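Summary of the model geometry
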Amino acid sequence: MHDMDSVTKHLTDLLIEDVFRKHDISQAKRKPISPEERDKLRDLVHTLQAQVEDFLQSQKVSSSEDVETKRKK
């Protein structure tokens, strides 16, 4: 799971940098994030991760059920 976290972090960093570059927002123009905003963002990321993991688990269950159904035919 650690590898997935690393990949996710790098992908997120790339997407954020792309948005900043697209809108011509340099490091000097960026305002710092307050601790409250940082906590909200962290909570949002954890919620999204949980939803993605639940979705992936449901897809695994669905796929295994499809395979089982095909075997019975």
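What comes next is a walk through the structure. (Residues numbered from 1 in each chain as written. Predicted model: local features only at pLDDT ≥ 70, side-chain atom pairs only at ≥ 80, totals over all residues. Heavy atoms only, no water.)

Looking only at helices and strands, the protein has two helices and zero strands in total. In the protein, which comprises 73 residues, the proportion classed as buried is 0%. (Helix = DSSP H or I, 4+ residues; strand = E, 2+ residues; numbered from the N terminus. Buried < 20%, exposed > 50% of the residue type's maximum accessible area, 1.4 Å probe, protein only.)

Positive phi, normally seen in glycine, also occurs at D24, with a value near 55 degrees. Among the secondary structure elements, D24 is positioned in the loop between helix 1 (2-22) and helix 2 (35-72). Residue D24 is classed as exposed on the basis of its relative accessible area, which comes to 58%.

What follows concerns a nonpolar patch on the surface. Nonpolar side chains collect at one region of the surface, where I33, L41, L44 and L48 lie side by side and expose about 350 Å² of accessible area between them. Its place among the elements puts L41 in helix 2. According to the relative accessible area criterion, L41 is partly exposed, its value standing at 44%. (Patch = residues over 30% accessible without salt bridge, like charges linked within 9 Å, V, L, I, M, F, W, Y side chains within 5 Å. Areas by Shrake-Rupley, 256 points an atom, 1.4 Å probe, with all protein chains shown as cover. Salt bridge = Lys/Arg side-chain N within 4 Å of Asp/Glu carboxyl O.)

What follows concerns a negative patch on the surface. Taken together, the side chains of D3, D5, E53 and D54 define an acidic patch exposed on the protein surface. Secondary structure elements with two or more residues in the negative patch: helix 1 and helix 2. As for its placement among the helices and strands, E53 is situated in helix 2. Of the residues examined, E53 reaches a relative accessible area of 37% and is grouped as partly exposed. (Lys, Arg positive; Asp, Glu negative; His and termini not counted. Charge placed at Lys NZ, Arg CZ, Asp CG, Glu CD.)

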